[in-house]
Amino acid sequence: MKVRTRFAPSPTGYLHIGGARTALFSWLYAKKMGGEFVLRIEDTDRERSSQEAVDAILEGMNWLGLSHDEGPIYQTDRYDRYKEVIQQLLDQGDAYCCNCSRERLDEMREQQMANKQKPKYDGCCRGKNLAEADDTVVRFKNPQDGAVEITDHVRGKVVISNAELDDLIIQRSDGNPTYNLTVVVDDWDMKISHVIRGDDHLNNTPRQINILTALKAHIPEYAHVPMINGTDGKKLSKRRDAVSVMQYRDDGYLKEAVINYLVRLGWSHGDQEVFTLEEMIEKFDIDAINKSSSSLSVEKLQWLNQHYMKQMTPEQLASELTFYLEKAELGVSEGPALAEVMAVYQERCSTLVELVSEIRYFYEDFSEYDAKQAKKQFKGGAIHVLEALKTKYAALENWVAEEIHKVVEQTVEELEVGFGKVGQPLRLAVTGHGRSPSIDVTLQLLGKDKTLERLDQAMKFIGQ
């Protein structure tokens, strides 16, 4: 059977980081095995589903580069097919109508819990042969003996007794199919060979296998992936953690770093930390997915992102920065060539957002200085230092790093002060925050006119 995997999100919000990892694992396995990757949108929850959420999921998938071979397929377009299968199950005696009221079900569950029993439907309508009506649901007639054996690629052999399962609802009283029915029909019709999904679905798997068995359908292989925990080791929280894939994009992370980060959240290949996409496809193995949960690590993601930033050419990095420059409303048409700035900055920052913040002074004037740095650097004889530098720089004809550095050395020697007493006030004067590459390279990129202008501004600020 040809390998066909699927990613089947519910469009009730953005693309979650856990869902993105599941999609990645499914995509990688399909690619590795020369198979196909299907995108299915499980939108039967009409109250919570939205086109906005569909768009957000597609945007996240496209940004990560997880292209699908088939789809997106929408469950709401397949209602006739679900109705057909439900009728098949009714006709062959593997499903039945149930008119138990909500009050009866609540009372039954309360009594079971009081008796310390597992709450489940008691099969009251199982043998009544009720006709379908406005107040009836349709239940699957789950086997009452035996067990379901799942050979899971992550969990190993899992055995669930049928006595633990009840007759689940497969069609609500309003005629709409339920999740466990639709997913079974979809996986069957779409010839899904491997289902890779979060282990929160493990309790659904024996129920779905029993329905597939009743339909005499092919049963896919399963891999239930452990959940991802937050940075504190606890369940992911929107308040504490970045849980949307696009939030990582907006925070300045490269998609290559995010993909590499995701693949290592629950899967490993020896001690290797950095993978090209080709290496991921070649080496990915669903049997090597970890059984234990993984936790987010901002430090690891930043390390990976900085690695990928360092691997780029200055031109590539400048191109990646376009989105963030527009977002920050920072124009770079006037000032040094962006690629030249990238050449000296790409090893200094761990995100693209941080990079934009750090280079802003090249392209945008400022009137304020970092208060802490100003208090430290613009004191004592700093104004005399800046005056001496300005005089020398104004007379400098060859504006290159080597000559710029010589001026600093001359000023240090003439004023008989340490290098820091010259270099640090100068750096703060031209940057506003006191952080930059070597001061000679910084001034060469900034240009002579802008350097002199900012020295004047700093001296006025000190003299106030």
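Residues numbered from 1 in each chain as written. Predicted model: local features only at pLDDT ≥ 70, side-chain atom pairs only at ≥ 80, totals over all residues. Heavy atoms only, no water.

Visitor: If you had to explain the overall build of the chain to someone new, which residues and values would you point to?
Guide: Helix and strand content of the chain: 20 helices and 12 strands. Taking 23 Å as the expected radius of gyration for a compact globule of 464 residues, we find that the chain reaches 31 Å, considerably beyond that expectation. Its C-alpha atoms give the chain principal-axis dimensions of about 105 × 45 × 35 Å. Classification of the 464 residues of the chain by burial places 49% in the buried group. If you take every contact in the chain between residues at least 6 apart in sequence, the share linking residues at least 24 apart comes to 77%. Of the roughly 22500 Å² of accessible surface on the chain, 46% is carried by carbon and sulfur atoms. Looking at charge distribution, the chain has the averaged site of its 58 positive side-chain charges lying 5 Å from that of its 74 negative ones. (Helix = DSSP H or I, 4+ residues; strand = E, 2+ residues; numbered from the N terminus. Rg over C-alpha atoms; globule rule 2.2 N^0.38 Å. Buried < 20%, exposed > 50% of the residue type's maximum accessible area, 1.4 Å probe, protein only. Contact = heavy atoms within 4.5 Å. Areas by Shrake-Rupley, 256 points an atom, 1.4 Å probe, with all protein chains shown as cover. Lys, Arg positive; Asp, Glu negative; His and termini not counted. Charge placed at Lys NZ, Arg CZ, Asp CG, Glu CD.)

Visitor: If you had to explain the state of the cysteines to someone new, which residues and values would you point to?
Guide: Counting across every chain of the model gives zero disulfides. No disulfide involves Cys-124; its sulfur sits 4.1 Å from the nearest other cysteine sulfur, which is in Cys-100. For Cys-124, a relative accessible area of 29% puts it in the partly exposed group. (Disulfide = S-S within 2.5 Å.)

Visitor: Break down the sheet that holds strand β1 (residues 4-7) for me, citing the residues and quoting the values.
Guide: Sheet strands pair via backbone hydrogen bonds, and the direction of the pair is either parallel or antiparallel. If you trace the three strands from one edge of the open sheet to the other, you get β1-β2-β3, paired in parallel fashion. Each edge of the open sheet is held by one strand with a lone partner, namely β1 and β3 (70-74). Here the strands of the sheet are splayed against their neighbours by 25° on average, with no regard to which way each runs. Of the pairings in the sheet, the one linking strand β2 (residues 36-41) to β3 comprises three bridges and is parallel in character. Across the sheet, residue Ile-41 finds its bridge partner in β3, namely Tyr-74. (Pairing = 2+ DSSP bridges. Axes fitted to C-alpha atoms, helices over the stretch in contact; angles between N-to-C directions.)

Visitor: Please set out a positive patch on the surface residue by residue, giving values where relevant.
Guide: Together, Lys-372, Lys-376, Lys-379 and Lys-421 make up a positively charged patch on the protein surface. Along the chain, Lys-379 turns up in the loop between α15 (371-377) and α16 (382-395). (Patch = residues over 30% accessible without salt bridge, like charges linked within 9 Å, V, L, I, M, F, W, Y side chains within 5 Å. Salt bridge = Lys/Arg side-chain N within 4 Å of Asp/Glu carboxyl O.)

Visitor: Describe the sheet that holds strand β8 (residues 169-171), naming the residues involved and giving the relevant values.
Guide: Ordered in space as β4-β5-β8, the three strands form an open sheet in which the pairing is antiparallel. Each edge of the sheet is formed by a strand with only one pairing partner; in this case those strands are β4 (95-98) and β8. In this sheet, adjacent strand axes meet at a mean angle of 45° when their direction is disregarded. Here two bridges tie strand β5 (residues 137-140) to β8, and the two strands are oriented antiparallel to one another. Across the sheet, the residue bridging to Arg-139 is Ile-169, located in β8.

Visitor: With reference to specific residues and values, describe the pattern of salt bridges.
Guide: Two side chains of opposite charge can pair, provided their charged atoms sit close to one another. This structure, assessed with the given rule, holds 33 salt bridges. In this structure, Glu-36 engages Arg-4 in a salt bridge whose closest nitrogen and oxygen atoms are separated by 2.4 Å. Here Arg-4 lies in strand β1 and Glu-36 lies in strand β2, a separation of 32 residues in the sequence. Residue classification places Glu-36 among the partly exposed residues on the basis of a relative accessible area of 24%. Assessed through its relative accessible area of 9%, Arg-4 is described here as buried. Between Asp-365 and Lys-450 there is a salt bridge whose closest N-O contact spans 3.1 Å. Of this pair, Asp-365 sits in the loop between α14 (352-363) and α15 while Lys-450 sits in helix α20 (residues 448-463), and the two are 85 residues apart along the sequence. Here the salt bridges share partners, and the residues they tie into one network are Arg-6, Arg-40, Glu-42, Arg-78, Arg-81, Glu-84, Asp-186, Asp-187 and Asp-189.

Visitor: Before we move on, could you go through the packing of α16 against helix α18 (residues 419-431) and cite the residues and values that matter?
Guide: Relative orientation and spacing of two packed helices are given, respectively, by the angle between their axes and the distance between those axes. Where α16 meets α18, the axes come as close as 10 Å, and the angle between the chain directions of the two elements is 80°. By the angle class used here, α16 and α18 are roughly perpendicular. In this structure, α16 contributes Ala-382, Val-385, Leu-386, Leu-389 and Tyr-393 to the contact, and α18 contributes Lys-421, Val-422, Pro-425, Leu-426 and Ala-429. Residue composition of the contact of α16 with α18, grouped by class: nine nonpolar, no polar and one charged. (Parallel < 35°, antiparallel > 145°, perpendicular 65-115°, else oblique. Nonpolar A, V, L, I, M, F, W, Y, C, P; charged D, E, K, R; others polar.)

Visitor: Give me the lowdown on helix α5 (residues 179-189), citing residues and values where you can.
Guide: In terms of burial, α5 is a largely internal element, eight of the 11 residues being buried. Every buried residue belonging to α5 is among Asn-180, Leu-181, Thr-182, Val-183, Val-184, Val-185, Asp-186 and Asp-187, and all of these are buried. Summarising the contacts, the buried residues of α5 are in contact with β1, β2, α3 (79-91), β8, β9 (194-198) and α6 (205-214). Looking at the residues trailing α5, positive phi occurs at Lys-191, about 55°.

Visitor: Please set out the side chain of Asp-167 residue by residue, giving values where relevant.
Guide: Mapped onto the fold, Asp-167 is located in the loop between β7 (156-161) and β8. Given the relative accessible area of 6%, Asp-167 is considered buried. Within the structure, Asp-167 has its side chain in polar contact with the side chain of Arg-126 (distance 2.8 Å). Apart from residues no more than four positions distant in its own chain, Asp-167 is found in contact with Tyr-96, Tyr-121, Arg-126, Arg-139, Phe-140, Lys-141 and Asn-142. (Polar contact = N/O pair within 3.5 Å; in protein donor to acceptor, adjacent residues only side chain to side chain.)

Visitor: Provide a residue-level description of the environment of Arg-207, including the pertinent values.
Guide: Within the secondary structure layout, Arg-207 lies in helix α6. Look at Arg-207 and you get buried, because its relative accessible area is 16%. Taking the C-alpha atoms as reference, Arg-207 lies 23 Å from Val-3; in sequence the two are 204 residues apart. When neighbours within four sequence positions are excluded, Arg-207 is seen to be in contact with Leu-165, Asp-166, Leu-168 and Asn-180.

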